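# Observations on chain architecture
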Amino acid sequence: MCGIVGYIGKSQAAPIILDGLEKLEYRGYDSAGIAVYDGQQINMKKSVGRLKALVELTHGGAMMPGNLGIGHTRWATHGAPTDVNSHPHLNSKETIAVVHNGIIENYIKLRKKLENKGYLFVSETDTEVLAHLLDYYYKGNPLEAITKVMHRVEGSYALGVIFAEHPDRIFAVRKASPLIVGKSDEGCFIASDVPAILKYTRNVYFMENQEVACLKADELTFYSVDEEVIQKEPVTIEWDAKAAEKGGYEHYMLKEMYEQPKVLEETIRKCIIDDDIIIEELKMSEEDFRKISKIYIVACGSSYHAGVTGKYVIENIARVPVEVDLASEFRYRNPIIDENALVIVISQSGETADSLAAMADMHAKGVKVMGIVNVVGSSIARDADYIMYTWAGPEIAVATTKAYSAQLMALYLFAMKLGKAKSVLAQEEFRQMLEDMKLLPQQVEFLLSNQRKIQKFANRYIAAKSIFFIGRGIDYAISLEGSLKLKEISYIHSEAYAAGELKHGTISLIEDGTLVACVSTQEDLYQKTISNMVEVKARGAFVLAVTNEGNYEMQKEADYVIYIPKTNRYFTNTLAIIPLQLFGYYVAVGKGCDVDKPRNLAKSVTVE
Ligand code: F6R
């Protein structure tokens, strides 16, 4: 989604803003723009396409003097990606500049009203309404104009605003679209995500809904929508700024895949203490655990896929019924939730609009929500009643890898704690699971070291029309994620099917040479899955099997086998996903796709 960066301080603003926008490139965008006040007027530059074009146009920002400015990367919603539609947007006198993330829902009505009052619009965007509305309300007091606008507009917004008549300040405004404010000795910053300013400061203020921040070079004040001053505490971000850089890898996605052993180790280091599971931030008592009668896991995309794995693991080791829902569907199906149910919302970013909306809906119904979130201080992390963090560090590539693996770990740990609290998971099994878990980092490392073999195999499929993934039970969950990884970055059509379901229709799509990746890690289901492999082979499919070391039977039926090291039956997804991630990655690289920034996708989906 769109990215916002703003700076006011001792240094030249434009290079800092462009640098910050570069860090937000992973969010997905199709044009970029910047507005800087040079001491006399607001200067603006915009460019369609990659940020690089804007960087070249401004000589890395050098040709835009001034210590105060705002910048934006736009992901087109209202109006095509053109220079005119790019942000910032100005009022007609060019004295007010606005950048905006989100959607102004009543913009058509507001635009008509403003046009009737003589305002001239140049773009098709909803954002331009904000620039003219600010102009309309501005009578010398910028804060007053902003709060009046906040009362008039409906929808979601994170805004950066500058006024030529107040060249000593930037305003940041937030409603339902993430925005942070940072402060250092060099100045103050606004950004839609932490990596944009991590190089400059670790002191970050997370803005709440309907708040306004006024940033001066050395002063920061927060206001409510009623213009009352609010006290806010900064959060210290512990992420390593280097973690948000490519560090010599060809793509962020590759780097992040290779970080997975470290991420698992970090989870183990933090949460397994003296042969027990301690989740420090999860303030849930044994009694709270015992009371849980049912769990609803709610999430989107890969986080949803982690939830599907979570269902199998929780139901099996804690014997608590679990339903898994896509966040965008959950709230509209009017679920019947009893008072001892727990809703778990899983989100890497903690800002996904569908997940946030589902959570708000649950809160309105008095249901307790636990968040499994990667970004400390994000909206879901703040609003959840209980929180479990995933320890993946900043994830930049649009296609998630390490955060997904960290989500699986969080779900295993939660399931084990629940199983123990419910006295369903025997102490000995619990202890064995901890031991098996401790081996996962080196097992993942081993699988990653087979990268060359998978690359060679992947190269055979860069021209594939369609690729299927099948599996049963927990292996179906991993098939969903393997299929998504491939299609989102390689643009090859792919579907994941419960292995037994294929014959009920989809098998008609199998042609000579179609690749079917078959995941089979559950011993009691080997034979059943082999039958499904035989079915597709008989229709001409080429079968890739992902199975456990030692299951050499598979070689007789599959055309190509990838073995994963032996582990606890509930942890196999952590291992089976590695070759599938590598496969998707290398198919996309072989096709020459922009792996880190796949078309039409955004890292943090902040619109419903
Ligand atoms: C796919 C991917 C997305 C996200 C989804 C939810 O690789 O990353 O499917 O998983 O958009 O995002 P979060 O987890 O931030 O709520």
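Residues numbered from 1 in each chain as written. Predicted model: local features only at pLDDT ≥ 70, side-chain atom pairs only at ≥ 80, totals over all residues. Heavy atoms only, no water.

Considering the arrangement of structural elements, one finds Ile-292 in the loop between α8 (286-291) and β18 (294-299). Each C-alpha atom of the pair Ile-292 and Gln-40 lies 62 Å from the other, and the pair is 252 residues apart in sequence. In this structure, Ile-292 is in contact with Met-284, Val-320, Asn-340, Leu-342, Phe-414, Leu-418 and Lys-422, ignoring residues within four places of it in sequence. (Helix = DSSP H or I, 4+ residues; strand = E, 2+ residues; numbered from the N terminus. Contact = heavy atoms within 4.5 Å.)

Once that is clear, we can look at empty space enclosed by the protein. Inspection of every chain in the model, using the stated rule, returns six cavities of 30 Å³ or more. Its volume calculated, the largest cavity comes out at about 210 Å³. Lining the largest cavity are 23 residues, and of these Asp-193, Val-194, Ser-349, Glu-351 and Val-375 lie nearest its centre. Here the lining of the largest cavity is built from residues that sort into 11 nonpolar, five polar and seven charged. (1 Å grid on protein atoms, 1.4 Å probe; cavity = no way out; pocket = protein on both sides within 12 Å on 5 of 7 lines; lining within 4 Å. Points joined across faces, edges and corners; volume = space filled by probe spheres on them. Nonpolar A, V, L, I, M, F, W, Y, C, P; charged D, E, K, R; others polar.)

All right, on to the site of the ligand then. Inspection of the region around the ligand gives 14 residues, with Ser-303, Ser-347, Ser-349, Thr-352 and Glu-488 positioned closest. Residue Ser-303 places a side-chain N or O atom 2.6 Å away from an oxygen atom belonging to the ligand. Gln-348 is positioned such that a nitrogen or oxygen atom in its backbone is 2.7 Å from an oxygen atom of the ligand. When atoms are counted within 2 Å of each cavity's grid points, the one that captures over half of the ligand is the second largest pocket. For the shell around the ligand, the elements supplying multiple residues, two or more each, are α9 (301-318) and α16 (474-490). Classifying every residue of the shell around the ligand by side-chain character gives four nonpolar, eight polar and two charged. (Near = heavy atom within 4 Å. Polar contact = N/O pair within 3.5 Å; in protein donor to acceptor, adjacent residues only side chain to side chain. Sits in = over half its atoms within 2 Å of the grid points.)

What follows deals with the layout of surface pockets. Of the pockets and cavities examined, the largest pocket occupies roughly 690 Å³. Glu-238, Trp-239, Glu-266, Lys-270 and Trp-391 are the residues nearest the centre of the largest pocket, which is lined by 29 residues in total. For the lining of the largest pocket, the elements supplying multiple residues, two or more each, are β15 (235-236) and α7 (260-271). Here the lining of the largest pocket gets five residues from one element, more than from any other, and that element is α7.

Residues Ile-295, Ile-314, Met-370, Phe-414, Met-416, Met-437 and Phe-583 are the most contacted members of the largest nonpolar core, which totals 125 residues. In terms of residue count, helix α13 (residues 402-421) provides more of this core than any other element does, 12 residues in total. Leave out the neighbours within four places in its chain, and Met-370 touches Leu-282, Met-284, Leu-342, Val-343, Ile-344, Val-345, Ala-384, Tyr-386, Met-388 and Phe-414. Grouped together as the second largest cluster of nonpolar side chains are 31 residues, Val-129, Tyr-138, Val-212 and Val-225 included. (Core = buried A, V, L, I, M, F, W, Y, C linked by side-chain atoms within 4.5 Å. Buried < 20%, exposed > 50% of the residue type's maximum accessible area, 1.4 Å probe, protein only.)

Tracing the chain through its elements places Val-534 in helix α17 (residues 526-538). The spacing of Val-534 and Glu-557 is 23 residues in sequence and 6.8 Å in space, taken between C-alpha atoms.

Any functional reading would require information beyond the geometric quantities listed.
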